[in-house]
Amino acid sequence: MLTQNQIGVLYMVGSVICFSIMDICVKWLDYYPIGQVLFLRFFIGFIPIFFIIPKDKIFSFYKTSRPGLHAFRAVSGALAIIALFFGLRELPLADVVSLTFGGPIFVTIASIIFLSERVGIRRWSAVFLGFLGMLLIVQPAFIDLNYYYITPIIFCIGFACVAISVRSLSKTEANYTIAFYFTLLCTLLGLSTVFFSNWVMPTPLDFLLFLVLGLCGSIANLLLTQSYRLAEASLVTPIKYLSLVFAIIFGYFIWSEVPKILTLLGAALVIASSLIIFMRENKLKKQIITPRTWVKPQNTGLRQKRFYPKEIKLSEILFALDQKIQTLGCKKFSKKGCNGKSTKCITHNLWDQLDQLINNFFEKDQEKPSATLVISGDIFKILSLIHISEPTRQ
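Right, let's walk through the structure included here.

Calculation criteria
Residues numbered from 1 in each chain as written. Predicted model: local features only at pLDDT ≥ 70, side-chain atom pairs only at ≥ 80, totals over all residues. Heavy atoms only, no water. Helix = DSSP H or I, 4+ residues; strand = E, 2+ residues; numbered from the N terminus. Buried < 20%, exposed > 50% of the residue type's maximum accessible area, 1.4 Å probe, protein only. Contact = heavy atoms within 4.5 Å. Phe/Tyr/Trp six-rings, centres within 6.5 Å; stacked < 30°, edge-to-face > 60°. Lys NZ or Arg CZ within 6 Å of the ring centre and 35° of its normal. Patch = residues over 30% accessible without salt bridge, like charges linked within 9 Å, V, L, I, M, F, W, Y side chains within 5 Å. Areas by Shrake-Rupley, 256 points an atom, 1.4 Å probe, with all protein chains shown as cover. Salt bridge = Lys/Arg side-chain N within 4 Å of Asp/Glu carboxyl O. Axes fitted to C-alpha atoms, helices over the stretch in contact; angles between N-to-C directions. Parallel < 35°, antiparallel > 145°, perpendicular 65-115°, else oblique. Left-handed = near helix turned anticlockwise from the far one by under 90°. Nonpolar A, V, L, I, M, F, W, Y, C, P; charged D, E, K, R; others polar. Polar contact = N/O pair within 3.5 Å; in protein donor to acceptor, adjacent residues only side chain to side chain.

With that out of the way, let us pick up the overall build of the chain. Helix and strand counts for the chain stand at 16 helices and 2 strands. When each of the 394 residues of the chain is scored for burial, the buried share is 48%. Here the analysis covers contacts within the chain between residues at least 6 apart in sequence; of these, 87% occur between residues at least 24 apart.

Here is the structure:
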């Protein structure tokens, strides 16, 4: 019987394989206009998204109160994916994949600019190390004047904007809603190019490749999300760098691309930089749960105190709560306050299910540490802390 961590690792491996297959298809289909490739990638990519929409949300999944942020996320993601597609067509596969590992470097910089986060000397050192590695990889851009080497860097910048916007969107929006608007915009952008580029009718074999491209692209993202839900991020994140191994292998056997020594050295520095940033942020996100007493909605009394681990990632509990609320439907929230407070509250039925979820979460822990936790009915304050990208164990 596999553990959740082991299953999470398998999901991550599957995600890496799917992303690698997507990259290969994009590079192979370089004789089709980029707009046509973009359209078919995301039009077919709608299929897996509709499979994850709850049945009771099928006619309302698109509703949102944050259209502006959805637009920013979708535009940033579209620019990133278009830049990636150009890079895959014009550059060695290993070079492109190596440069895309620089995403966390730009996320760190974007966090300082947009979120006013404080960054210490360790992460600044990692950023410098990552930029040094990227300079080694893009060296041909200066020697051969190959300006396509800037496209993976544009992808990283777009990726950083996506990561920052998703951090905010994930507090109030479901996964499928975020994915839907991104996929919709990319589909429309690709379709708009039919008026000024010569689209080509795909052959049966190429249409099969387009089908694989679209499905692998969407399934890879779903597997990635599920991997982080099941396993610890510190365990599965390094597996993403297997994509460089696949890029080197497929680039050599399909396109006879031999990676340069500087590319491998630069990739090693970028990977090291990303891991340092990830491990540092992971350490800073650990929180200690301290004893607190809150009340259940409508003055029905305090919840019974239970023993919980003294030190635990609070995000693990919060993410589980958020996912349960999304499953049951956010329409159960009320704008009227709990006990006169101007905040959102939650119905008794949904509260009981959330309370049971937390009980199940801690059933595996047989010890009785000294710290205790009393669950609150004021669930809105808890949800305001949630980041969907953080790891959970359900």
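For the rest of this paragraph, the subject is the environment of Ile150. Positionally, Ile150 belongs in helix 8 (residues 150-169). Look at Ile150 and you get partly exposed, because its relative accessible area is 49%. As a C-alpha pair, Ile150 and Leu84 span 66 residues in sequence and 9.9 Å in three-dimensional space.

As a further point, take the packing of aromatic side chains. Counted according to the given criterion, the structure contains 17 aromatic pairs. Judged by centre distance (5.3 Å) and plane angle (70 degrees), the rings of Phe180 and Tyr181 are edge-to-face. Since its relative accessible area comes to 12%, Phe180 is described here as buried. Owing to a relative accessible area of 21%, Tyr181 belongs among the partly exposed residues under this scheme. Looking at Lys27, its charged tip hangs above the ring of Trp255, at a distance of 5.5 Å from the centre. Its guanidinium or amino end placed over the ring of Phe42, Arg41 lies 4.1 Å from that ring's centre, counting from NZ or CZ.

Glancing now at the environment of Thr225. Considering the arrangement of structural elements, one finds Thr225 in helix 10 (residues 204-230). With 214 residues separating them in the primary sequence, Thr225 and Tyr11 have C-alpha atoms 8.9 Å apart.

Taken together, the side chains of Trp28, Tyr31, Leu242, Val245, Ile249, Phe250, Tyr252, Phe253, Ile254 and Val258 make up a nonpolar region of the molecular surface, amounting to roughly 980 Å² of accessible area. At 7 residues, helix 12 (residues 242-255) tops the list of elements feeding residues into the nonpolar patch. Mapped onto the elements, Trp28 comes out in helix 1 (residues 4-28).

Here the focus is the packing of helix 2 (residues 34-51) against helix 3 (residues 67-90). Two elements in contact, helix 2 and helix 3, have axes separated by 11 Å at closest approach and are oriented at 120 degrees. Comparing the axis directions of helix 2 and helix 3 gives the class oblique. By crossing handedness, the relation of helix 2 to helix 3 is classed as right-handed. On helix 3, the residues touching Ile34, Val37, Leu38, Arg41 and Phe42 of helix 2 are Ile81, Ile82, Phe85, Phe86 and Arg89. Across the contact of helix 2 with helix 3, the residue classes break down as 8 nonpolar, no polar and 2 charged.

Moving on, we get to the side chain of Asp206. Considering the arrangement of structural elements, one finds Asp206 in helix 10. Separated by 2.9 Å, the side chains of Asp206 and Tyr31 make a polar contact. With residues near it in sequence (within four places) discarded, Asp206 still touches Leu29, Tyr31 and Tyr32.

Structurally, the position occupied by Ser227 is in helix 10. Sequence-distant contacts of Ser227, defined by excluding residues within four places in its chain, comprise Gly8, Tyr11, Met12 and Val236.

This part covers the packing of helix 4 (residues 93-100) against helix 12. Following both chains from N to C, one finds helix 4 and helix 12 inclined at 165 degrees, their axes separated by 8 Å at the closest point. Between helix 4 and helix 12, the interaxial angle falls into the category roughly antiparallel. The way helix 4 lies across helix 12 gives a crossing that is right-handed. Contact residues: Leu93, Ala94, Val97 and Ser98 in helix 4; Ser243, Leu244, Ala247, Ile248, Phe250, Gly251 and Trp255 in helix 12.

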